[in-house]
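Single-letter residue listing:
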Amino acid sequence: MAKRSYLVTGGAGFIGSHMVDALLERGHQVKVYDNLSSGKKEFLSHCMDRIEFMEKDLVSDPDLIESLEGVDHVYHIAANPDVRVGADDTWVSVEQNIIATYNLLEAMRKVRTGPPPSISFTSTSTVYGNATVLPTPENYGPLMPISQYGASKLAAEALISAFSDNFGIKASVFRFANVVGSRSTHGILFDFYHKLKADPTQLEILGDGMQRKSYIHVSDCVKGVIHATEGQESRFEYYNVGTRDYTVIKEIPDVVVEALGLENVKYNYTGGHKGAGWKGDVKFMSLNVEKIINTGWMYNLNSRQTLERAVREIISDLSV
Ligand SMILES: NC(=O)c1ccc[n+]([C@@H]2O[C@H](COP(=O)([O-])OP(=O)(O)OC[C@H]3O[C@@H](n4cnc5c(N)ncnc54)[C@H](O)[C@@H]3O)[C@@H](O)[C@H]2O)c1
């Protein structure tokens with residue numbers, strides 16, 4: 001593919017920094033736009049001399065249009081990805097996920113040089129809420145999110161759809177399963193690792209352990225997003241991104257305990273919210289991923305293999 005210019009919002013975060021690596025590997029020009037609220041410059045330290053790094057905030061940046069000049073495509077990855085926070089703070093997802101996306105789209109349509117850039121958006125399986133069809137296909141409805149986070153991502157998808165239609169912006173929306181791997185700063189493996197480091201004799205597990213969720217490795221996820229984006233011919237598309245299988249949560253503690261070389265760890269299930277981990281947690285999540293697989297992409301690791309590899313990567317990241 002010809003060399004193109006990309007803006008990666010959230011490019012200093014977990015998934016964003018892997019996206020930056022993958023785009024550089026393909027020889028593209030990359031600008032990173034990140035307020036470092038959860039992202040880290042060290043995730044990009046190996047490539048800082050090959051990117052343009054902008055420490056800026058999508059919510060408050062008066063010069064967003066300038067950052068978009070000359071950009072062919074935006075990977076909009078920046079967000080507050082914390083599902084749990086919404087039960088206490090209902091504003092954070094509205095501001096960081098809806099208003100931030102609106103500001104970006106508004107700046108995109110107003111770029112002064114050339115047509116507006118195209119956009120790929122990292123959405124989430126949580127837009128489906130407690131779906132009655134599993135694995136859930138992209139055309140499942142009605143979409144009834146049960147978290148502020150899921151609601152805000154659905155609102156952002158809707159804005160992208162409207163801007164795409166009204167201003168001819170080519171767009172794709174990617175609804176991710178749980179993404180894990182190196183540089184992650186949140187999620188179940190990260191949580192278990194820290195709890196076990198603090199107390200290797202016991203582990204608190206949120207919920208009743210019977211939750212079923214699909215996990216995808218960050219490298220598979222990023223490759224899928226790029227593959228589908230580059231091959232897209234239509235103006236607007238939705239894709240689920242995950243694996244065909246899922247893992248029962250009660251299997252995951254053993255994966256972490258074994259990787260850490262621990263024995264006789266007592267597991268304490270909290271029972272959570274109706275058996276789910278917390279208010280807003282979707283207890284059973286598995287995505288129908290045939291649409292993206294039909295574009296010619298395939299993941300390398302299934303859910304279980306993903307978890308086993310990711311835990312080794314997280315241990316190696318955090319023991320440095
Ligand atoms: N990790 C997952 O399992 C998962 C699952 C589904 C969807 N997603 C989505 O993927 C994307 C990346 O998630 P992640 O896990 O890498 O999280 P992350 O927190 O590591 O990355 C988010 C990045 O966005 C930046 N950011 C946040 N608000 C910003 C703002 N206002 N302006 C500029 N930068 C801002 C943060 O500093 C961070 O670098 C998010 O959109 C998230 O909703 C993640």
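> Can you explain helix α3 (residues 92-109)? Please cite residues and give values.
The terminal C-alpha atoms of α3, which comprises 18 residues, lie 25 Å apart, in line with the 26 Å expected from a rise of 1.5 Å per residue. When we look at burial in α3, the residues that qualify are Ser93, Gln96, Asn97, Ala100, Thr101, Leu104, Leu105, Ala107 and Met108. Each element contacted by the buried residues of α3 is listed here: β1 (5-9), α2 (64-68), β4 (73-76), β5 (118-124) and α4 (148-167).

> Mind laying out the nonpolar core, listing which residues take part and the relevant values?
Within the largest apolar cluster, 69 residues are counted, with the highest numbers of intra-cluster contacts made by Val8, Leu189, Cys221 and Val241. Broken down by element, the residue count for this core peaks at 6 residues, all from helix α6 (residues 218-231). Three or more residues apiece are contributed to this core by two domains, here domain 1 (5-179 + 214-241) and domain 2 (185-213 + 246-284 + 302-315). The contacts of Cys221, once residues within four sequence positions are left out, are Ile15, Phe176, Val179, Ile216 and Val241. Within the second largest apolar cluster, 5 residues are counted, among which are Val127, Tyr128, Ala131 and Leu154.

> Hey, could you go over helix α5 (residues 188-198) for me, with residue numbers and the actual values?
Buried residues of α5: Ile188, Leu189, Phe192 and Tyr193, and no others. For α5, the buried positions fall inside an angular range of 130° around the axis, keeping them on one side. When the buried face of α5 is taken as reference, the exposed residues oriented beyond 90 degrees from it are His194, Lys197 and Ala198. Buried residues along α5 sit against β7 (178-180), β8 (202-205), α7 (252-259) and α9 (303-318).

> Describe the packing of α7 against α9, listing the residues and the values that go with them.
For any two helices packed against each other, the geometry is given by the interaxial angle and the distance between the axes. In contact at an axis separation of 10 Å, α7 and α9 are set at 40° when each is read in the N-to-C sense. Classed by the angle they form, the pair α7 and α9 counts as oblique. The two elements α7 and α9 cross, and the hand of that crossing is right-handed. Two secondary-structure elements touch here, α7 through Ile252, Val255, Val256 and Ala259 and α9 through Leu307, Glu308, Val311, Arg312 and Ile315. Class assignment for the residues of the contact of α7 with α9 results in 7 nonpolar, no polar and 2 charged.

> Just give me the short version of the site of the ligand, but keep the residues and values in it.
Around the ligand sit 30 residues in total, of which Gly10, Gly13, Phe14, Gly39 and Ala79 are the nearest. The set of elements that each furnish at least two residues to the shell around the ligand consists of α1 (14-25), α3, β5 and β7. If you tally residues by element for the shell around the ligand, the top one is α1, at 3 residues.

> So, the sheet that holds β5: which residues are in play, and what are the values?
Read across the open sheet, the 7 strands follow the order β3-β2-β1-β4-β5-β6-β11; overall the sheet is parallel. In the strand order of this sheet, the two ends are held by β3 (52-55) and β11 (236-241), each with one partner. Averaged over all pairs of adjacent strands, the angle between strand axes in this sheet comes to 15°, irrespective of strand direction. The sheet contact formed by β1 and strand β2 (residues 29-34) spans 5 bridges and is parallel.

Cut-offs and rules
Residues numbered from 1 in each chain as written. Predicted model: local features only at pLDDT ≥ 70, side-chain atom pairs only at ≥ 80, totals over all residues. Helix = DSSP H or I, 4+ residues; strand = E, 2+ residues; numbered from the N terminus. Expected span 1.5 Å × (residues − 1). Buried ≥ 20, exposed ≤ 12 C-beta atoms within 10 Å, placed from the backbone. Contact = placed C-beta atoms within 7 Å. Core = buried A, V, L, I, M, F, W, Y, C linked by C-beta atoms within 7 Å. Domains from an automatic or database assignment. Arc of directions from axis to C-beta. Axes fitted to C-alpha atoms, helices over the stretch in contact; angles between N-to-C directions. Parallel < 35°, antiparallel > 145°, perpendicular 65-115°, else oblique. Left-handed = near helix turned anticlockwise from the far one by under 90°. Nonpolar A, V, L, I, M, F, W, Y, C, P; charged D, E, K, R; others polar. Near = placed C-beta within 6 Å. Pairing = 2+ DSSP bridges.

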